[in-house]
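# Architecture and fold: a report
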Amino acid sequence: MPEGHTVHRLARLHQDRYGGSPVEVTSPQGRFSAGASKVDGRTLCGAQAHGKHLFHVYGPDAVVHVHLGLYGAFREHPLPVARPQGQVRMRMVGPTHWTDLRGPAACELLTDDEVATLRGRLGPDPLRADADPDRAFSRISRSRTPLAALLLDQSVVAGAGNVYRAEVLFRHGVHPMLPGRDLPRERWDAMWADLVALMADGVRAGRIDTVRPEHTPEATGRPPRVDRHGGEVYVYRRAGLPCLVCGTPVASTRLAGRNLYWCPTCQPERA
Ligand SMILES: [Zn+2]
């Protein structure tokens, strides 16, 4: 599942490539034909993201909402267009490029009210200028749920996924099973500011790097990480390997169906 920075990168790309121009919108596979026909040929006013949700705004009550889910992906190419291959849910053709969307969890046309309802269910997104971290803290501070679960709950914080949650907990020395209500306000403020900075880096670089300069391969002489997710991280998918700060083997467990990673020394149960 892509994390929020990937969806924000798509929003920026689509804004650049297709914004301000009439866009040909079709559904070669047919499952989005009715929605596509309502916006086909209209000018894309803007593309934006909230958490893992992407919105293409063609005008009042004409918003294409996409959620990639586990398997969804856009593939983009320069013109000219080619024959659709496989199950293309939505094809967009702009002035210079075209892109095919396959396998999304959602691709639907929404009214402005429906967009507002959907966004109302989402927590603040660290990548949005209008995000209010107080809303997230009011949920966290009233909950006995472990922070590791709260950070993945899109109604608490929108956009952070498994990598950012593990890494931000590590960077702030917070045990993943700490109940939300035991997190001090100052610690949350620091974690939020960190998420804002880390995720903005992720949008720029297109990968997740969370390791401080003193722990990079360049600084320590260790070999760079080899992982299809890319990026230098402290604990994510490093179970059993030595912590980059203290050398303790990184621990892992399953929580709510997802793998969770932490350093038992740097993230003690009682801070
Ligand atoms: Zn450690």
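Predicted model only: the values in this text are computed from it and were never measured.

### A closer look at the packing of helix H1 (residues 4-18) against helix H7 (residues 185-205)
Running from amino to carboxyl end, H1 crosses H7 at an angle of 50°, the nearest separation of the two axes being 8 Å. Between H1 and H7, the interaxial angle falls into the category oblique. The crossing of H1 and H7 is right-handed. On the side of H1, the interface is formed by Gly4, His5, His8, Arg9 and Arg12, while H7 contributes Met199, Gly202, Val203, Arg204 and Ala205. The residue makeup of the contact of H1 with H7, split by class, is 3 nonpolar, 4 polar and 3 charged.

### Quick notes on unusual backbone geometry
With an omega dihedral of 5°, the bond running from Leu79 to Pro80 counts as a cis peptide bond. Note that Pro80 resides in the loop between strand S5 (73-78) and strand S6 (88-93). Here Arg237, not a glycine, exhibits a phi torsion of approximately 55°, which is positive. Relative to the helices and strands, Arg237 is located in the loop between helix H8 (217-220) and strand S9 (251-255). On the basis of relative accessible area, Arg237 is assigned to the partly exposed category, the value being 34%. Look at Ala256: it is not a glycine, yet its phi comes out positive at around 50°. As for its position among the elements, Ala256 is in the loop between S9 and strand S10 (258-262).

### Topic: the packing of helix H6 (residues 162-171) against H7
Put simply, H6 and H7 touch, their axes get as near as 10 Å, and they point 130° apart. Comparing the axis directions of H6 and H7 gives the class oblique. For the element pair H6 and H7, the recorded crossing hand is right-handed. Contact residues: H6 offers Tyr164, Val168, Leu169 and Arg171, while H7 offers Met191, Asp194, Leu195, Leu198, Met199 and Gly202. A per-class count over the contact of H6 with H7 returns 7 nonpolar, 1 polar and 2 charged.

### Observations concerning the packing of aromatic side chains
Throughout the structure, instances matching the rule amount to 3 aromatic pairs. Consider the rings of Phe170 and Tyr234, whose centres lie 4.6 Å apart with planes at 25°: the pair is stacked. Separated by 64 residues along the polypeptide, Phe170 in helix H6 and Tyr234 in the loop between H8 and S9 bring together distant segments of the chain. Residue Phe170 shares its accessibility class with Tyr234, and that shared class is buried. Summarising the aromatic geometry, the rings of Tyr236 and Tyr261 are spaced 5.5 Å apart at their centres and angled 80° between planes, so their arrangement reads as edge-to-face. Within this pair, whereas Tyr236 is found in the loop between H8 and S9, its partner Tyr261 is found in strand S10, the two being separated by 25 residues in sequence. Tyr236 sits in the buried class, given a relative accessible area of 7%. For Tyr261, a relative accessible area of 9% gives the class buried.

Criteria and cut-off values
Residues numbered from 1 in each chain as written. Predicted model: local features only at pLDDT ≥ 70, side-chain atom pairs only at ≥ 80, totals over all residues. Heavy atoms only, no water. Axes fitted to C-alpha atoms, helices over the stretch in contact; angles between N-to-C directions. Helix = DSSP H or I, 4+ residues; strand = E, 2+ residues; numbered from the N terminus. Parallel < 35°, antiparallel > 145°, perpendicular 65-115°, else oblique. Left-handed = near helix turned anticlockwise from the far one by under 90°. Contact = heavy atoms within 4.5 Å. Nonpolar A, V, L, I, M, F, W, Y, C, P; charged D, E, K, R; others polar. Buried < 20%, exposed > 50% of the residue type's maximum accessible area, 1.4 Å probe, protein only. Phe/Tyr/Trp six-rings, centres within 6.5 Å; stacked < 30°, edge-to-face > 60°.

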